[in-house]
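Listed below are the residues making up each chain.
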Amino acid sequence: MAKETELKFLVKNDSWREHCSTGVRFVQTYLNTNPDATVRVRIAGDSAYLTVKSRNHGAERNEWEYEIPVNDAREMIEDCETSPVIDKTRYRDGRWEIDVYHGNLSGLVIAEIELESLSEKVELPDYIGREITNDARYYNSSLSISGEIPQ
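Worth saying up front: this structure is predicted, and the values here are computed from it rather than measured.

A. Spotlight on the nonpolar core. One finds V11, W16, W96, I98, A111 and Y127 to be the most contacted residues of the largest nonpolar core, which totals 16 residues. Judged by nonpolar contacts, the second largest core, of nine residues, contains Y101, L105, I110 and I132.

Structure, rendered in structure tokens:
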């Protein structure tokens, strides 16, 4: 088991694009959206993963992630989805991950950074806007259910 510690922010401008080149397309759905144990199937480029996450405790939660065959992931997404599919492209700017959402969530751009510990201090790039780490409306599992950008 790994402990995931991350901060999430809305992105307020496109200046991140100066530091990023090609992104990776992500297609994912949730087999379970219960906040106590979300179960996600994700295809990320040429790889696929099954991920279980525990309830968030602030910026921390437990995470178990396993690589699975891409064909298995496609079948699970088609046959087992319990939430609409999320489609996004992920870009990297150093340790920052910038997710640009497509479809119903087009216009939403979120940046996140994984921390070594809760006490780690990070410098925020100029494109970082409002922090949404603890705003459950912006969890991917919540976005997949609502299908719309939170107001």
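Here the narrative resumes, following the displayed structure.
B. Fine view of a negative patch on the surface. A cluster of acidic residues, D72, E75, E78 and D79, forms a negative patch at the surface. On the secondary structure map, D72 appears in helix 1 (residues 70-80). For D72, a relative accessible area of 35% puts it in the partly exposed group.

C. Fine view of the pairing of strand 2 (residues 24-32). In the sheet, strand 2 pairs with strand 6 (residues 86-93) via five bridges, with the strands oriented antiparallel. Opposite F26, over in strand 6, you have K88 as the bridge partner. Pairing of strand 2 with strand 3 (residues 37-44), which is carried by six bridges, proceeds in the antiparallel orientation. If you follow F26 over to strand 3, its bridge partner there is A44.

D. Examining the environment of I68 more closely. Relative to the assigned elements, I68 resides in strand 5 (residues 60-68). The exposure class of I68 is buried, given its relative accessible area of 16%. Along the backbone, I68 and A37 are 31 residues apart, and their C-alpha atoms lie at a distance of 19 Å. With residues near it in sequence (within four places) discarded, I68 still touches A48, Y49, L50, A73 and M76.

E. Layout of the packing of aromatic side chains. One pass over the structure, following the stated rule, counts two aromatic pairs. Between W16 and Y91, the aromatic rings sit 5.0 Å apart at their centres with planes inclined by 50 degrees, giving tilted as the arrangement. Here Y91 lies in strand 6 and W16 lies in the loop between strand 1 (2-11) and strand 2, a separation of 75 residues in the sequence. The same class applies to W16 as to Y91, namely buried. The aromatic ring of Y91 is capped on one face by R17, whose charged end is 5.9 Å from the ring centroid.

F. Quick look at the pattern of salt bridges. For the structure on display, the rule yields 13 salt bridges. Residue D99 is joined to R90 by a salt bridge in which the shortest nitrogen-to-oxygen separation is 2.7 Å. Pair check on accessibility: D99 and R90 agree, each one buried. The residue E120 makes a salt bridge to R95 at a minimum N-O spacing of 2.7 Å. With E120 in the loop between strand 8 (109-114) and strand 9 (128-131) and R95 in the loop between strand 6 and strand 7 (96-101), this pair connects stretches of sequence that are 25 residues apart. By relative accessible area, R95 is classed as partly exposed at 40%. Members of the salt-bridge network, linked through shared partners, are E4, E6, K53, R61 and E63.

Quick notes on the rules
Residues numbered from 1 in each chain as written. Predicted model: local features only at pLDDT ≥ 70, side-chain atom pairs only at ≥ 80, totals over all residues. Heavy atoms only, no water. Core = buried A, V, L, I, M, F, W, Y, C linked by side-chain atoms within 4.5 Å. Buried < 20%, exposed > 50% of the residue type's maximum accessible area, 1.4 Å probe, protein only. Patch = residues over 30% accessible without salt bridge, like charges linked within 9 Å, V, L, I, M, F, W, Y side chains within 5 Å. Areas by Shrake-Rupley, 256 points an atom, 1.4 Å probe, with all protein chains shown as cover. Salt bridge = Lys/Arg side-chain N within 4 Å of Asp/Glu carboxyl O. Lys, Arg positive; Asp, Glu negative; His and termini not counted. Charge placed at Lys NZ, Arg CZ, Asp CG, Glu CD. Helix = DSSP H or I, 4+ residues; strand = E, 2+ residues; numbered from the N terminus. Pairing = 2+ DSSP bridges. Contact = heavy atoms within 4.5 Å. Phe/Tyr/Trp six-rings, centres within 6.5 Å; stacked < 30°, edge-to-face > 60°. Lys NZ or Arg CZ within 6 Å of the ring centre and 35° of its normal.

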